Structure formats: structure tokens, C-alpha cells
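Listed below, chain by chain, are the residues.
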Amino acid sequence: MTQYFQGDLFHTPVYGQLDYIPQALIAVDDQGKIEQVYRQDDPAYAEAVKQAQESTDFVRLEAGQYFLPGLVDLHIHAPQWPQAGIALDEPLNVWLDECTFPLEAKYADLDFARAVYTDLIQQLLARGTTTGLYFASAHLESSYELAKICAQAGQRGLVGKVVMDDPEANPDFYRDASTDQALKDTETFIQKVRDLSKDYKQGVYPVVTPRFVPSCTDEALAGLGALAKKYNAHVQSHCSEGQWEHDFVMERFHGKRDTEVLRDFGLLGPKSVMAHCNFLNETDGKIFQETGTGIGHCPYSNAYFANAVLPVKRLKAQGVNIGLGTDISGGFSPSLYENIRQAVVSSRILEDGVDTQVGPEDRGVSDSRISLVEAFYLATKGGGESLDLPLGSIESGQACDLQLVDTKVTNNILPDFGVFNDPREIFERIIYLVTPENIRKVWVQGDLVVEKG
Ligand code: GUN
Ligand code: FE
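- Identification of the chain as Guanine deaminase from Aerococcus urinae is taken from an unreviewed UniProt entry.
- Under the heading Pathway (unreviewed entry), UniProt records this for the chain: "Purine metabolism; guanine degradation; xanthine from guanine: step 1/1."
- Listed in UniProt under the heading Sequence similarities (unreviewed entry), the comment for the chain reads: "Belongs to the metallo-dependent hydrolases superfamily. ATZ/TRZ family."

Quick look at the structure:
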């Protein structure tokens, strides 16, 4: 049976272009795929509205409410949720060794995993995140539990069992038992999640997940590349995040860059998403573009740990797919809205520079800023493109992932004083001021998964 939604909507079908459709009528098929989006001036509009009114499956918005596409978070460390906001004054290596690894080791306990993962998925859905690309932990069982919890909550989860097999690089209390075991567990995980996926129309996907090059042996990296190819699976890792990682990889591989190493192990491709990527140069950008690899841009996390700002504008101009990630908990916020705002802020800081003791012409990297509309694209359709999935805009053929944003909700009424009320201004106000209170309902693949009372 066709399902219908009617209301004012905002989305960005093209990078940099905001599309506002007043009183759009969205028709959705029984697989949760958008069949058609009718505009008021469409000759078929009146007939489609009539059919919607006769349907029992019809959602109609009130004044001050808007449909936005669901958000796509390209980088979440699910087991780090209890660490959100903790120890961000430390450098990455201290943060990882003293907080993160002891925490992630706890996910040998399935009950602990279940409690954290159930809460995290609800927190993300409540903030409009309908698709998540997750690092779980190094444990097979609790990684599978995360995939199951996403699927059951109705979120579209892409989940990886983390591989960190090198005994030289990882603590004894938290790593794969051996390279062979890491590869066996990854293959079992892929098969089990593929099987699980049959029961969930929004999809749940296994992801080949070397933590990052420094934590894996060459044998593991090669084996994971082979598994990605054998199963045509998604791949994720961290790439050229900070100065230390970037330099470490070049030294280990005798001058080869992180991008080249990942490519040569078979880990780059249209279904690969690499987090951070701050240190990519022109050649690296070309490799990303040619292989179809996407970038998970994590602006908060980069400000804390990466000694860098991702040059989004340069890489987009090279034709690289880019989406946004919270990087829970390298970034403290589970909200992709907050990361949209920070993506804009970081790009301005990159462009203008910050050291007032340096002359204004030498202070920044000119032509680096991105607009709010561009940052919103990263959080929606840019995420879909990076994952090679039809997500992130409200167009025929896309998954019906929607959020209902209410600008009149009592706890957070957005300013409405009869000024700055053209559609673009309303959109800007929503993206900058929205809180979880405003997100009243969320649908994934046509199914209602959040309804706030
Ligand atoms: N590099 C390797 N592991 C991690 C992690 O958990 N977080 C971040 N930000 N960088 C990493
Ligand atoms: Fe990360």
C-alpha cells in the first residue's frame, strides 16, 4: 500500500543548492522507497492529494512543522558512548591508552554492551540520525549485538567488528587474539550480519574495519582487503587523521602515504569510508576520487585531536564524496546538527586563520569556507553518496528517511517575529537553533521509529 506524507520540506538534492518545496506530497512504496514527490504546480498534484486523503496511511504536517531528510552519521565509535565529553584535554595517544582501550575492553561483557548500545541508538535517532556507520569493538559477539540492536530499533546501521591485531601496537588486555582469529571473526561477522539483514527492510550492513593502519599487521590489512573484495562489503578505517598517524605510516611503509597504503591493501573503493583524512594532499584526493572512496569529516574531533581542519572545499572540488561524522567520542556530541554548525565554523577558521600576530594575508588558507547549505548536504546526501546508498534527499528512488522538525514546540520555540522569514532564513534558523525537542518524529525506510509524546 502506498504511504503518503504532506508538508513543507527542505533538502539539498545538489551540493550547495537548497530546495524548498511548500506542501510537498511524498508517495512511498511498501518497501519504504520514495516513489514520487509532487509539487503544488505539478498537474498530478491535486489527484495525488485526493488519493492521500483517502488513504489510512497519511501524515500531514501543521503550520511551523517541516520535513527534513534523516541524517547520515559516517563515523561513530559505539562503545565510546560512555566516554563522551571525557578527557578531551589529553592528546589522542593518552586518551586512547588510558581511557578508550580500557573502556572498549569492557565489551567482552554482552550485558554492558547491550545497555550502552540500546541507549546510544535511541539518543542518535532522537537527534534525527537515521543511518549510522559504526565502529563496534574488537569482540565478535558484542559487535553482532550492536548490529542487532540497530536493526531492531529501526535504524539503518552499518557496523564493523574492529580489527587491531598487532601485539606490538595494542595492549594485551585489548586486541585480537591473533591475525588469523581477526580475519576469521571478520568473515563470521560479515556472514552473520548479512543473514540478519534479510529480516529488516531498512538494511543492516557488515563493514570491514581495520582500526587504523598503525594498529594492524600487514597480513591483517591484506586479509581484510581480500574479504572486502570477496563479499563486496563496505570498508571503514581512520586515514591521515593527525600528524602522528600520518608520519608513522610514511615511516613504516618507507615513504608511502596512508592513502596509498590503504589502496594497495585493497581497502579503498566505492563502498569505503575513511574517517578524518585531514592530511590528504592533491594526489591523495585524486586517489579518493578515482576509487570512489568517501570521507567521514568529523569537525569537532579534528579540533581536539587532529592538529588540522579538513580542506572540504578543495576535496569537493576534486570530486571526492564527503559526509559528516560525530566521531563519538573523539567528538563529544551525538548530534550531527552540532557537527554541521562546527563544519561551517572550522572552515571559516581555516580560511581566515587565527593568529593575529601573522599578517591577514598569510593567516589562513584562502577560499576554504563552506556554507551552511553545503554542510547540510554533507550530513545528508553526501553521507549517502559516501556509502553508495540511495539516501539523504527527498527524491524518487531514495529511501524514505524523514524527520519532522517542529519550530513551535513549547520547550524550544524558534524566534518568529515576522522578520527573516523567507524559506532560506527559516532553514538557517532551524539548522542553527534546533534541539532534540524540536525533532518530534523520525521515520526510517517509511517506518515511524521515534515519536515524542
Ligand atoms: N585512531 C585510532 N583509533 C581511534 C579512535 O578511537 N578515535 C580517534 N579519533 N582516532 C583513532
Ligand atoms: Fe574515530
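Having seen the model, we can carry on.
1. Focus on the site of ligand 1
Move 1: Residues in close proximity to ligand 1 include His-77, Gln-80, Leu-92, Trp-95, Leu-96, Arg-211, Phe-212, His-238, Glu-241, His-276 and Asp-327, which together make up its full environment.
Move 2: Between Arg-211 and ligand 1, the recorded distance is 2.8 Å, taken from a side-chain N or O atom to an oxygen atom.
Move 3: Measuring from a nitrogen atom of ligand 1, one finds a side-chain N or O atom of Asp-327 at 3.2 Å.
Move 4: Protein chains shield 100% of the accessible area of ligand 1, which is 280 Å² for the free molecule.
Move 5: Structurally, ligand 1 is housed in the largest cavity.
Move 6: The element best represented in the shell around ligand 1 is helix α2 (residues 92-105), accounting for 3 residues.
Move 7: Considered class by class, the residues forming the shell around ligand 1 number 4 nonpolar, 4 polar and 3 charged.

2. Considering the coordination of the iron ion (ligand 2)
Move 1: At the metal site, the iron ion (ligand 2) is ligated by His-75 (NE2), His-77 (NE2), His-238 (NE2) and Asp-327 (OD), and these contacts range over 2.1 to 2.5 Å.
Move 2: Taken together, the 4 donor atoms coordinating the iron ion (ligand 2) span angles of 83 to 176° at the metal, a pattern that classifies the geometry as irregular.

Definitions and limits used
Within each chain, residue numbers correspond to sequence positions counted from 1 in written order. Starting at A for chains and at 1 for ligands, labels are handed out in the order in which the entities are written. Selection of residues for local features in this predicted model requires a pLDDT of at least 70, selection of side-chain atom pairs for listing and counting requires 80 or more, and totals for whole chains, interfaces and linings are taken over all residues. Excluded from the side-chain calculation are hydrogens and water; included are all heavy atoms of the structure. UniProt positions are given in the numbering used here, feature names are shortened, and annotations may be inferred rather than shown by experiment. Here a residue is near a molecule or strand as soon as one of its heavy atoms is found within 4 Å of it. N or O atoms closer than or at 3.5 Å make up a polar contact, with two conditions inside protein: a donor-capable atom paired with an acceptor-capable one, and, for residues adjacent in sequence, both atoms drawn from side chains. Using a 1.4 Å probe, the Shrake-Rupley method yields the accessible areas, and only the shown protein chains count as cover for residues. Both site types are read off a 1 Å grid over the protein atoms alone. A 1.4 Å probe that fits but cannot get out defines a cavity, while an open set with protein on both sides within 12 Å along at least five of seven lines defines a pocket; lining residues have an atom within 4 Å of a point. Whether a molecule sits in a cavity or pocket is decided by its atoms, more than half of which must lie within 2 Å of the grid points. Helix and strand definitions follow DSSP, with helices as H or I runs of at least four residues and strands as E runs of at least two, each counted in order from the N terminus. Under the scheme applied, nonpolar residues are Ala, Val, Leu, Ile, Met, Phe, Trp, Tyr, Cys and Pro; charged residues are Asp, Glu, Lys and Arg; polar residues are all the others, including Gly. Distances define the donors: N, O and S atoms within 2.8 Å of the metal qualify, as do those within 3.2 Å of Na, K or Ca. Water is excluded, so some sites may look unfinished. Under the classification used here, a metal with four donors is tetrahedral if each angle lies between 85 and 135 degrees, square planar if opposite donors are over 155 degrees apart and the others between 65 and 115, a six-donor metal meeting that same test is octahedral, and anything else is irregular.

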